[in-house]
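Read off the chains here:
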Amino acid sequence: MANITGNSEKSKGKRSGSLPFADYLHAVKKSDSARYNALIAEIKNATCIRWDYTISRYENGISRPGELHRRLIAEVIARHSGETGWTGDQLFPAELYRK
């Protein structure tokens, strides 16, 4: 399974590090597009998100999911990756977003 790691440094108020959530999605997409599509569908189903656009905003760090969505996404990622130690706040670190 893909390893979820990220750089949590900030620079000049812009997100300079990569989000662990985005890193994981990119690793899955690179290895198997069918698995990636299934993962996105499972995230959308778990969070009741209807639009790929919303997932894209989360993936690109444009917006940070709310607490409930972070928790639900972390649960889906844990089931998908087999790594149960990840939380929503680890996948979407607050310090990577503008304040």
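Treat the numbers as computed from the prediction; the structure is a model and nothing was measured. (Residues numbered from 1 in each chain as written. Predicted model: local features only at pLDDT ≥ 70, side-chain atom pairs only at ≥ 80, totals over all residues. Heavy atoms only, no water.)

> An account of the overall build of the chain is needed here, citing residue identities and associated values.
Helix and strand content of the chain: 5 helices and 2 strands. Residues classed as buried in the chain amount to 39% of the 99 residues present. Put simply, of all contacts in the chain between residues at least 6 apart along the chain, 57% involve residues at least 24 apart. Looking at the chain as shown, the accessible area adds up to about 5,900 Å², and 49% of this sits on carbon and sulfur atoms. (Helix = DSSP H or I, 4+ residues; strand = E, 2+ residues; numbered from the N terminus. Buried < 20%, exposed > 50% of the residue type's maximum accessible area, 1.4 Å probe, protein only. Contact = heavy atoms within 4.5 Å. Areas by Shrake-Rupley, 256 points an atom, 1.4 Å probe, with all protein chains shown as cover.)

> Give a description of the packing of aromatic side chains that names residues and reports values.
Counting across every chain of the model gives 2 aromatic pairs. Aromatic pair Tyr-58 and Phe-92: ring centres 6.3 Å apart, planes at 75°, arrangement edge-to-face. Of this pair, Tyr-58 sits in helix α3 (residues 52–59) while Phe-92 sits in the segment after α5 (88–91); the two residues are 34 residues apart in sequence, bridging distant segments of the chain. Residue Tyr-58 shares its accessibility class with Phe-92, and that shared class is buried. Taken together, the ring pairs connect Phe-21, Tyr-58 and Phe-92 into an aromatic cluster. (Phe/Tyr/Trp six-rings, centres within 6.5 Å; stacked < 30°, edge-to-face > 60°.)

> Lay out the pattern of salt bridges with the relevant residues and their values.
Under the definition given, this model contains 5 salt bridges. Note that Asp-52 is salt-bridged to Lys-44, the shortest N-O span being 2.8 Å. Of the charged contacts, one joins Asp-89 and Arg-70 as a salt bridge, the two residues approaching to 2.9 Å between their closest N and O atoms. On the criterion of sequence distance, the pair formed by Asp-89 in helix α5 and Arg-70 in helix α4 (residues 67–81) is long-range, its members being 19 residues apart. Connected through shared salt-bridge partners, Arg-64, Arg-70 and Asp-89 make up one network. (Salt bridge = Lys/Arg side-chain N within 4 Å of Asp/Glu carboxyl O.)

> Could you give an account of helix α2 (residues 33–47), with specific residues and numbers?
Between its terminal C-alpha atoms α2 stretches 21 Å, which fits the 21 Å expected from 15 residues at 1.5 Å a residue. For α2, every residue scored as buried is listed here: Tyr-36, Leu-39, Ile-40, Ile-43, Lys-44 and Thr-47. The arc enclosing the buried residues of α2, seen along the axis, measures out at 130°, which places them on a common side. Facing away from the buried surface of α2 by more than 90 degrees, the exposed residues are Ala-34 and Asn-45. The secondary structure elements touched by the buried residues of α2 are α1 (20–31), α3 and α4. Where α2 begins, one side-chain oxygen reaches toward the backbone nitrogen of Ala-34, 3.1 Å away; that side chain belongs to Asp-32. (Expected span 1.5 Å × (residues − 1). Arc of directions from axis to C-beta. Polar contact = N/O pair within 3.5 Å; in protein donor to acceptor, adjacent residues only side chain to side chain.)

> An account of the side chain of Ser-81 is requested, with residue identities and associated values reported.
Looking at where Ser-81 falls in the secondary structure, it is placed in helix α4. Within the structure, Ser-81 has its side chain in polar contact with the backbone nitrogen of Glu-83 (distance 3.1 Å).

> An account of unusual backbone geometry is requested, with residue identities and associated values reported.
For Cys-48, which is not glycine, the phi torsion reads 60° and is therefore positive. Tracing the backbone through its elements, the reader meets Cys-48 in the loop between α2 and α3.

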